[in-house]
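# Structural overview for review
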Amino acid sequence: MDLKSLYTQIITENSRATHNRHPVIGATNSLEGINPSCGDDITLQFKVENDIIVDAGFIGTGCAISQASASLMIDLIKGKSVDEAKHYIDIFFGMIKGEIKEDEVIDELEDAAALQGIAVVPARVKCAVLSWHTLEEALEGKSGVSDHEASENDDAGSSYEEDGDGLSLN
Amino acid sequence: MSLMSDFPILGADENGKRLVYLDNAATTQHPLQVLDAVRNYYTCDNANPHRGVYELARKATDIHEQARATVARFLNASRPEEIIFTQNTTEALNLVASSYGMKYVGEGDEIVISVSEHHSNLVPWQRVAGARKAKLKYLYPGEDGRYTGEAINEIITEKTKVVAIAQVSNVLGLVNPIDKVVRRAHEVGAVVVLDCAQSTPHMKVDVQALDVDFAAFSGHKIYAPMGTGALYGRYDLLEKMPPYMSGGDMINQVHEYKTTFAKPPRKFEAGTRNVGGEAGLAAAIDYIESIGWETIESTEDRLMKLALDGMREFPEVKIYGDDSSAGRKGVISFNIGDVHPHDVASIMDANGVAIRAGHHCAQPLMDFLKINSCCRVSFALYNTEDDVKIFLDSIMKVRSWMGLGS
Ligand SMILES: Cc1ncc(COP(=O)(O)O)c(C=O)c1O
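Residues numbered from 1 in each chain as written. Chains lettered and ligands numbered in written order. Predicted model: local features only at pLDDT ≥ 70, side-chain atom pairs only at ≥ 80, totals over all residues. Heavy atoms only, no water.

### Thoughts on the overall build of chain B
Stated formally: Helix and strand labels come from DSSP, where a helix needs a run of H or I of at least four residues and a strand needs a run of E of at least two; each type is numbered from the N terminus. Note on method: radius of gyration uses C-alpha positions; expected globular size equals 2.2 Å times residues raised to 0.38. Think of it in three bands: residues with accessible area under 20% of the maximum for their type are buried, residues over 50% are exposed, and the middle band is partly exposed, with areas taken using a 1.4 Å probe on protein chains only. For the area figures, the Shrake-Rupley method with a 1.4 Å probe applies, and any residue is considered shielded solely by the protein chains shown. Charge assignment in this entry is limited to Lys and Arg as positive and Asp and Glu as negative, and neither His nor the chain termini are counted. A single reference atom marks each charge: NZ on Lys, CZ on Arg, CG on Asp, CD on Glu.
When helices and strands are counted, chain B shows 13 helices and 15 strands. Expected size for 406 residues packed as a compact globule is a radius of gyration near 22 Å; at 22 Å, chain B falls within 12% of this value. Expressed as a percentage of its 406 residues, the buried residues of chain B come to 59%. Element-wise, carbon and sulfur atoms account for 50% of the exposed surface of chain B, whose accessible area totals about 16,200 Å². Within chain B, the 52 negative side-chain charges are centred at a point lying 5 Å from the centre of the 42 positive side-chain charges.

### Digging into the sheet that holds strand β12 (residues 331–336) of chain B
Residue and element names in this part refer to chain B. The test is simple: Two strands are counted as paired when DSSP detects at least two bridges linking them. Convention adopted: a line fitted to C-alpha atoms gives each axis, helices being fitted over their contacting stretch, and angles between N-to-C directions are expressed from 0 to 180 degrees. Note on contacts: a residue pair qualifies if any of its non-hydrogen atoms lie within 4.5 Å across the two residues.
Ordered by their spatial adjacency, four strands build an open sheet running β11-β12-β15-β14, and the pairing between neighbours is antiparallel. Looking along the sheet, the strands with just one partner apiece sit at the ends: β11 (317–319) and β14 (356–358). Neighbour to neighbour, the strand axes of the sheet diverge by 30° on average, direction disregarded. Bridge analysis of β11 against β12 gives three bridges, and the strand direction is antiparallel. Note on β12: the bridge partner recorded for K318 is N335. Helix α10 (residues 293–312) rests against β11 and β12 of the sheet, and its axis sits at about 15° to β12.

### A word on the packing of helix α3 (residues 82–97) of chain A against helix α5 (residues 125–139) of chain A
All names here are of chain A. Our working definition: Here is the rule for angles: anything less than 35 degrees is roughly parallel, anything more than 145 is roughly antiparallel, 65 through 115 is roughly perpendicular, and the remaining ranges are oblique. Definitions for this section: a left-handed crossing has its near helix turned counterclockwise from the far helix by less than a right angle. A right-handed crossing has that turn clockwise.
The N-to-C vectors of α3 and α5 enclose an angle of 150°; their axes lie 10 Å apart at closest approach. As judged from the angle between their axes, α3 and α5 are roughly antiparallel. Seen along the crossing, α3 lies across α5 with a hand that is left-handed. On α5, the residues that touch V82, A85, K86, Y88, I89, F92, F93 and I96 of α3 are V125, A128, V129, W132, H133, L135, E136 and L139.

### Some words on the packing of aromatic side chains
So the rule is basically this: To pair, rings of Phe, Tyr and Trp, with the six-membered ring standing in for Trp, must have centres within 6.5 Å; the planes then decide the type, stacked if under 30 degrees apart, edge-to-face if over 60, and tilted in the middle.
Scanning all chains against the criterion turns up 15 aromatic pairs over all chains. Centroid distance F92(A) to F93(A): 6.4 Å. Interplanar angle 65°. Geometry classified as edge-to-face. Per residue, the accessibility class of F92(A) equals that of F93(A), and both read buried. Ring plane angle 65° and centroid distance 6.0 Å describe the contact between F7(B) and Y223(B), whose orientation is recorded as edge-to-face.

### Brief notes about a negative patch on the surface
Basically, it comes down to this: For patches, a residue must show more than 30% relative accessible area and have no salt bridge; joins then use 9 Å for like charges and 5 Å for nonpolar side chains, namely Val, Leu, Ile, Met, Phe, Trp and Tyr. We define a salt bridge as a contact between a side-chain nitrogen of Lys or Arg and a carboxyl oxygen of Asp or Glu at a distance within 4 Å.
A surface patch of negative charge is lined by E102(A), D103(A), E104(A), D107(A) and E108(A). With relative accessibility at 41%, the residue E102(A) sits in the partly exposed group.

### Quick look at the site of the ligand
All names here are of chain B. This is how it is decided: When at least one non-hydrogen atom of a residue lies within 4 Å of a molecule or strand, that residue is treated as near it. What qualifies as a polar contact is a pair of N or O atoms within 3.5 Å, subject to a donor-acceptor requirement within protein and to the restriction that residues adjacent in sequence count only when both atoms come from side chains. Under the scheme applied here, ten amino acids are nonpolar (Ala, Val, Leu, Ile, Met, Phe, Trp, Tyr, Cys and Pro), four are charged (Asp, Glu, Lys and Arg), and all others, including Gly, are polar.
Residues in contact with the ligand, as listed here, are N88, T89, T90, H118, S120, N170, D195, A197, Q198, S218, H220 and K221. Measuring from an oxygen atom of the ligand, one finds a side-chain N or O atom of K221 at 2.9 Å. If the ligand stood free it would expose 390 Å²; the protein chains cover 87% of that surface. Considering only residue class, the shell around the ligand consists of one nonpolar, nine polar and two charged.

### Quick look at the sheet that holds strand β4 (residues 135–139) of chain B
All names here are of chain B. Strand order in the open sheet formed by seven strands is β2-β8-β7-β6-β5-β3-β4, with mixed pairing between adjacent strands. Edge positions in the open sheet fall to β2 (83–86) and β4, since each of these has one partner strand only. Each neighbouring strand pair of the sheet contributes to a mean axis angle of 20°, computed without reference to strand direction. Taken together, the three bridges between strand β6 (residues 191–195) and strand β7 (residues 214–218) define a ladder with parallel strand orientation. Bridged to D195 within β7 is A216.

### Digging into α10(B)
Residue and element names in this part refer to chain B. Let me state the cut-off plainly: Between the first and last residue of a helix there are one fewer steps than residues, each counted as 1.5 Å, and that sum is the expected span. The directions from the helix axis to the C-beta atoms are what the arc is built from.
With 20 residues, α10 ought to run about 28 Å at 1.5 Å a step, and its terminal C-alpha atoms sit 28 Å apart, in line with that. Residues of α10 that are buried: W293, I296, T299, E300, L303, M304, A307, L308, G310 and M311. End-on view of α10: buried residues confined to an arc of 165°, all on one side of the axis.

### Some details on the confidence of the model for chain B
Our working definition: Confidence scores here are pLDDT values: one per residue, from the predictor, ranging 0 to 100.
Averaged over chain B, the pLDDT score is 96; the fraction of residues at 70 or greater is 99%. Across the predicted assembly, pTM comes out at 0.90 and ipTM at 0.79.

### Notes on the domain arrangement of chain B
Residue and element names in this part refer to chain B. To keep things clear, this is the line we draw: Each domain's extent is set by a domain assignment, obtained either automatically or from a database. Here the quantity called buried area is the accessible surface, traced with a 1.4 Å probe, that two parts lose on coming together, added over both.
Partitioning chain B into structural domains gives domain 1 (4–22 + 292–400) and domain 2 (34–289). Once you take the C-alpha centre of each, domain 1 and domain 2 turn out to be 28 Å apart. Counting from both sides, the interface comprises 34 residues of domain 1 and, opposite them, 31 residues of domain 2. Regarding the contact of domain 1 and domain 2, the summed buried area is about 2,700 Å², with carbon and sulfur atoms giving 63% of it. Counting across the domain 1 and domain 2 interface gives one salt bridge.

### Some details on the interface of chain B and chain A
Interfaces are often described in size by the accessible area the parts lose on coming together. Listed as interface residues are 19 residues of chain B and, on the opposing side, 20 residues of chain A. At the boundary of chain B with chain A, total buried surface from both sides reaches about 1,700 Å², with 58% on carbon and sulfur atoms. D343(B) serves as the salt-bridge partner of R124(A), at 2.9 Å between the closest nitrogen and oxygen. Among the elements that make up the side of chain B that touches chain A, the one with the highest residue count is helix α4 (residues 123–132) of chain B (six residues). The class makeup of the residues in the side of chain B that touches chain A is nine nonpolar, seven polar and three charged.

### A look at the pairing of β4(B)
All names here are of chain B. Cut-off, in case you're wondering: We call a crossover right-handed when, viewed with the strands running away from us, the connection from the first strand over the helix to the second turns clockwise.
β4 sits mainly inside the fold: four of its five residues count as buried. As judged from the five bridges shared by strand β3 (residues 110–114) and β4, these two strands associate in the parallel manner. Bridge pairing in β4 links E110 to K135. Handedness of the crossover joining β3 and β4 through α4: right-handed.

Rendered as structure tokens:
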């Protein structure tokens, strides 16, 4: 698949789709995922009841690929068990890395299978995987902000703080 | 006539496809003249400068010092000893901040920078302000992205010790009124640190005419190798500044418990230098001067006008800063409707056009413009009208792929 079909088939439509773009009332898990180098920023929220993801949504900004990927992922995991969600995450990462190639397996991802085409633009892989990484970490119980490349010192109020993680001037 | 034939990387590949390279503000490509100079250095002249008494070491030392004289001529410094070689603009600005800033900015003093600064002329000053308990203050532009004399006169006060500003912003592409900044800064006794990373590729920078105290640029943005650059500093200031890094070459005499430092510029050049890169830097400056600023400016200004005129035809294209070509150098930043800049850049890439997308190391400016990121097209002396035409065609392609317009 070339980039054009990737964009036109799935991405444009999904990144504009609004049905998954909302905060989740009574969310049990909430995690913000950031790609600092490109500015993609997604807060993923979901509600788990009796091990089932009964509701999920996301808010944030980013490119069409990151937004579409988040929306497609939510379509897939809503109503599924936590274990099933983890299973999909494994397939998704396997597909992106090119380790899983069998159509029967990839088809389990439903519409999200279209993101297999991201391999033609390696520079954009991190956009496609952001929401999936965020989901993986949220399922492990992480909350707050997940920023893979850096951390910042949020210690406002004090006049000047600088340590190994950052500086804060106020 | 196009200069593209001097630049091997810009030639057509075996399929007849060529790269339309419009990310020159990030880094430029290299002409054969520069590549040959680097190769020639390592083929014929390589030794450790200043550290050998044999003939080859003398040759390497000569190349090192001749390159310094060439950079001094390029910036019109009053003497070569005012030029310190650095890895890039970032290192040059850090040198000023660490050495001058940490010593001569004190508690309650003020540092003024503009909100459109590149992170490399911003974070070092945050650190100086924090460590020295000084106040960091920002100069803001008007709606058109231009800085006014009134704003400059107001923000710079008797407490200001350093004013650090770019001559041309790497996002807005507008030439800042450095004369007004210098007049006001010197009136209150502050030094002016000029970031010339985006001006040196496109216009003659004359540090004496500008009357700035420090100026920094990167070789890799003016067709020279990565890892080259320089800081200009007024000699009397360099003399009273402490060293930046210390070790070999920057000393006069070392005893067990006492060291005397070399005079500038060597006081600031610790360790073995990138002489091969400097040979390339000197060749790049010779190359620019052989073409001449008049030719470079008229070529680039024509391309800039062509691009701006074409971009204005698209209702969804938003250009940041005053969208006229007057007083603009090198770069145009823009967005296309609500299409994310990374999508724009990927689609353009599929069309063989390289542009930059992101925050351009200027996050405070992105906040000021109330955007997360933007696209940037930037020109160099080898670009052609055909490049601009393909770029404008690519905007059409983005619109159609993303379902904008008709
Ligand atoms: C205005 C400006 N200042 C500073 C820099 C930093 O240059 P370098 O990364 O070569 O140190 C750049 C370019 O990246 C720039 O555009």
